[in-house]
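One letter stands for each residue in the lines below.
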Amino acid sequence: MMDLIGTRVPRTDAETKVRGTAVYGVDHGEDGMLHAKLLRAPVPAGEILDLEVDAAARMPGVRGVFTAADAPVPRAGTVVKDQPLFASTVVRYEGEPIAGVVAETEEQARRALAAIRLEIAPLPPVGDLEQALAPGCRLVHPAWEQYECASDFPRGGNLAAEMLSDPDPAALARAFAEADLVVEGEYRAQRQYQAYIEPKSAVGRYQDGRFVVHTASQFPFNVRDQVAQFLGVRVSEVRVVGHHIGGGFGAKLDASLEPYAALFAWKVGRPVKLVNERTEDLLSCGCRENAIVRIRTALARDGSVLGRDVDVLMDNGAYSGEVPLMASLPMHVFGQVYRAGATRVRCRVVYTNTAPTGAFRGVSGVYLYFALERHMDECARRLGIDRRDFRLKNLIGDGATTLVGQVLEDAGILHEAFERVERVAPWAELTRRRGSKGMLHGVGIAAATWLTNPGPGTVTLNVDEDGTVGLISGATDNGSGAVTMGVAQIVAEELGIRPDDVIIRLPDTDAAGYDAGSQGSRTTHVVGRAALAAAAEVRQKILATAANILEADVADLELTGGTVRVKGAPARAVTLARIAAEAMRSSGPITGTGAYVTPMPAYDPGCARGLLFPVFPTPTYHVHLAEVEVDPGTGQVHVLRYVVAQEVGRAINPTGVRGQIQGGVAQGLGYALYEGLEIEGGRYRQRTLEAYRLPLAVDVPDVEILLLEHGHPAGPYGARGVAEPPIVPVAAAIGNAVADAIGRPINRLPIRPDDILETLEHRPST
Amino acid sequence: MPPHRTLLDVLRDDLRLTGTKRGCDEGECGACTVLVDGKAVDACILAALSVNGARVETVEGLAGPNGELGRLQRAFIEAGAVQCGFCTPGFLMTLTAFLRGRRSATPDEIREAIAGNICRCTGYSQIVEAVQMALATR
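Numbering of residues starts from 1 in each chain and follows the order in which that chain's sequence is written. Both sets of labels track the order of writing: A upward for chains, 1 upward for ligands. Since the coordinates come from a predicted model, pLDDT governs what is reported: local features require at least 70, and pairs of side-chain atoms require 80 or more to be given and counted, while whole-chain, interface and lining totals use all residues.

1. Here's the deal with the overall build of chain A
Reasoning step 1: Strands are runs of DSSP state E lasting at least two residues, helices are runs of H or I lasting at least four, and both sets are numbered from the N terminus onward. The secondary structure content of chain A amounts to 20 helices and 31 strands.
Reasoning step 2: The C-alpha radius of gyration computed for chain A amounts to 27 Å, which stays within 12% of the reference 27 Å derived for 766 residues, consistent with globular compactness.
Reasoning step 3: For the C-alpha atoms alone, the extent of chain A along its principal axes is close to 80 × 75 × 55 Å. For the radius of gyration, the atom set is restricted to C-alpha positions; the globular benchmark scales as 2.2 Å times the number of residues to the power 0.38.

2. Description of the overall build of chain B
Reasoning step 1: Across its full length, chain B holds five helices and three strands.
Reasoning step 2: Walking chain B from its N terminus toward its C terminus, one meets helices and strands in the order α-β-β-β-α-α-α-α.
Reasoning step 3: On C-alpha atoms alone, chain B measures out to a radius of gyration of 15 Å, which is about the 14 Å that the 2.2 N^0.38 rule sets for 138 residues.
Reasoning step 4: Structurally, chain B occupies a C-alpha span of about 45 × 30 × 25 Å along its principal axes.
Reasoning step 5: Residues are defined as contacting one another if the C-beta atoms placed from their backbone atoms lie within 7 Å. Across chain B, every contact between residues at least 6 apart in sequence was considered, and the portion connecting residues at least 24 apart equals 60%.

3. Digging into the domain arrangement of chain B
Residues and elements named next belong to chain B.
Reasoning step 1: Segmentation into domains, and thus their bounds, comes from an automatic or database assignment. We note that the domain assignment places domain 1 (7-61) and domain 2 (71-136) within chain B.
Reasoning step 2: On a C-alpha basis, the centres of domain 1 and domain 2 stand 19 Å from each other.
Reasoning step 3: Contact residues are listed per partner, giving 14 residues for domain 1 and 13 residues for domain 2.
Reasoning step 4: When contributions to the side of domain 1 that touches domain 2 are tallied by element, the ones reaching two or more residues are β1 (33-36) and β2 (39-42).
Reasoning step 5: The biggest single contributor to the side of domain 1 that touches domain 2 is β1, with three residues.

4. Observations concerning the sheet that holds strand β14 (residues 305-317) of chain A
Residue and element names in this part refer to chain A.
Reasoning step 1: What makes two strands pair is DSSP finding at least two bridges between them. The strand order across the open sheet built from six strands is β7-β15-β14-β13-β8-β31, with neighbouring strands paired in mixed fashion. Only two strands of the sheet have a single neighbouring strand rather than two, namely β7 (159-165) and β31 (748-749).
Reasoning step 2: As defined by bridge partners, strand β8 (residues 181-189) adjoins strand β13 (residues 291-299) across nine bridges and the pair is classed as antiparallel. Counterpart to Glu-184 in the pairing with β13 is Arg-296.
Reasoning step 3: Where helix α5 (residues 169-178) meets the sheet, its contacts fall on β8, β13, β14 and β15 (342-351), and the angle it forms with β14 comes to roughly 115°. Fitting a line to C-alpha atoms yields each axis, with helices limited to the stretch in contact; the angle taken between N-to-C directions then spans 0 to 180 degrees.

5. Points about helix α5 (residues 125-136) of chain B
Since there are 3.6 residues in each turn of an α-helix, residues three or four apart along the chain are aligned in direction.
Reasoning step 1: Compared with the 16 Å implied by 1.5 Å per residue over 12 residues, the 17 Å span of α5 of chain B between its first and last C-alpha is a close match.
Reasoning step 2: Among the residues making up α5 of chain B, those that are buried are Ser-125, Gln-126, Ile-127, Val-128, Ala-130, Val-131 and Ala-134 of chain B.
Reasoning step 3: In this fold, the buried residues of α5 of chain B make contact with α18 (654-674) of chain A together with α2 (71-79), α3 (88-99) and α4 (107-113) of chain B. A helix is expected to span 1.5 Å multiplied by its residue count minus one. Partly exposed residues are those whose C-beta has more than 12 but fewer than 20 other C-beta atoms within 10 Å; 20 or more makes a residue buried and 12 or fewer makes it exposed, with C-beta atoms placed from the backbone.

6. A few points about the domain arrangement of chain A
Residues and elements named next belong to chain A.
Reasoning step 1: Looking at the assigned domains, one finds that chain A contains domain 1 (14-22 + 454-596) and domain 2 (291-452 + 603-762).
Reasoning step 2: Between the C-alpha centres of domain 1 and domain 2 there is a distance of 38 Å.
Reasoning step 3: With 17 residues of domain 1 in contact, the opposing surface of domain 2 contributes 20 residues.
Reasoning step 4: Mapped by element, the contributors of at least two residues to the side of domain 1 that touches domain 2 are α15 (482-495) and α16 (522-550).
Reasoning step 5: With six residues, the single largest contributor to the side of domain 1 that touches domain 2 is α16.
Reasoning step 6: Classification used: nonpolar for Ala, Val, Leu, Ile, Met, Phe, Trp, Tyr, Cys and Pro, charged for Asp, Glu, Lys and Arg, polar for all others including Gly. Grouping the amino acids of the side of domain 1 that touches domain 2 by side-chain chemistry returns five nonpolar, 10 polar and two charged.

Here it is in structure tokens:
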């Protein structure tokens, strides 16, 4: 025992990062390495009339030029195989790769790129969600029926995927017929760019008949699988080697440049590196999808919700990544915080001529909760009931059943979270406050239930002869501290060593067992559990070897401070180093392996069609409160105060937990107030970090954090997922606070000063 | 030296000093911040030729002669100011210039000082606290 759990141990990679010696994906280089650049589509839609690469191939330093003719398979994809490596006859989004040039230097590759002759006849882009579904709209994929699809769900034409749940239409009709009041709302959200500071990159090499890819990936095994798909080879023929990740937030879960690096390296017989320039990174990134959410709610005068009809449109972009899975998210969001009576949910994922959208921290939840919570405020206002009281009246409790039939045993924690916020930020008092010097004052509150991703993971521990413990895992630390704090601390605690003596190998799919990646807050919970099992095996071997050396009974031994001692006889002790060395001669090297996957909670498979993401395992509960001032002259929003109550199970490292909450709220503030990729004619208006406004140090307040620690029985030391959900209710809380301040609904994200001024000028006052 | 080459190109590609990061290549994110004659600048938009004869400091030079970490580096570790760490070298250089000859700073002054550096992970609070911690250990 080291009493490390719950303490502020520094992350194990902090020192190499402050020295500038940490090697990130983009820093990796190899001997004889070539450099590649991609020719990307300059228009969002069009027919490729001519592509002439011979002149480029003859340019100085050029070692190869590749096009769709070189792609081993026509199309690949996780859910639907709809995406080619290179566009060949048609272009489906601006930034889509059309050709690649490999040269001795980046500069030579860039020059050769300019020598490629490309002729495109532009087509009017399918750029808008509603337009895409209108009758007669041109299809982004006319051949959609021929595409291979991994699961069975409703789709067709520009409808990439549909999720539909309408379990009791008669009850729903009755609810609306009997309602005292029906409230309708439409809520819109723009795309959000993950804007990690390290642009995407990859280095490929073909060696010993296999493809080796170096990359800073959140999910190396997924990259391995996708590279194999694009190259038409078995997954075992691809090795992915991880590096330090300069931020990902979901965007580095899927393969991006990796298949190109692998293909080019194979073709030219030398290592090849690709690095995105910032604008191509932004244009091609799987951003958070833009969406439209429409909600109708049937209410009784006493504030009971009798029924609800929810209709969601999500932008898939030109190709299906994982957004068809996200179509299930409304089924969770609209039934796991507030009771909603009879409920119908339809979600349609739509193909457009825009970059494929993808995972961003708090997938879809950020705008679904924004819509729900803005709608809750509107319902309360129309009913003449206090907004917080209305929420508490409809808040679910322990044992609630969600719309998918999952039982949330401990959802009563939501009530406790409201109460904890109330104690530090009394609602009645805050909502009475007025703004300073002509400023408009507003308060918003929002709640959320979120999940801990259940995907499998493994850990192998090796005790080295110097008494350190090597940790081999496919788990990645994209900055969260989940591995370098959480898992390291768990191993150190279990084995009685210093966290610094846990030596973490960066992931390598050839060395580590499968891991489901840094997503959905899963690492500390799932990989931590695997680490507990691995540590238990190692511990047992350490004690058995030590018992032989010390001629003592295992039951009389304790493992702490890097030594095994006989309890009550401190002189009789042996170091871990000596135990490891002794084991080489007696029982063999000391090693242990653990594996874990979260058991899937029960649900009702008949509740919906197209439910590809059916449950929310290991739930966490959240209440956020925002206090803002709005300047009616400029439309500027100042966040005066931000309070978070969050259920974390157990804070393994309070410094790390705080960093995740503070950082998640900052990204949420960006989403609520500044960030947005506006689409105009199929093209993004914001194309650089100068135009894409990110939150700065002067914009973000210190978040007041209230931790709830109801240990989860399956979690290591009770830990649940922590890192993803702090972003989830932020736009909801801020949106409600701004609407409260200006006295008018504001239902579109981001909420920019111009929108506020326009709302103040044109909309009738409430 | 070709005139179009930037100080960042020379640092990263010629001198292999990869501690200085390339984030945006347009002087917006601050990840490439280095000190030229003591002043914090974005190396990605500075012609290498323009610093001929100047003293250039990078993150690799922050540790002491025997490799011991500086107080600001130690404070970053302790305060939890490092997450992914890609922006960290830039912040360290901006703040090194800011702290020179300074005995104290308010949180607002620190926030103003780092308003030209983007951190996407931390939400900035623990960076501000690291600076206060470094000032306190002076």
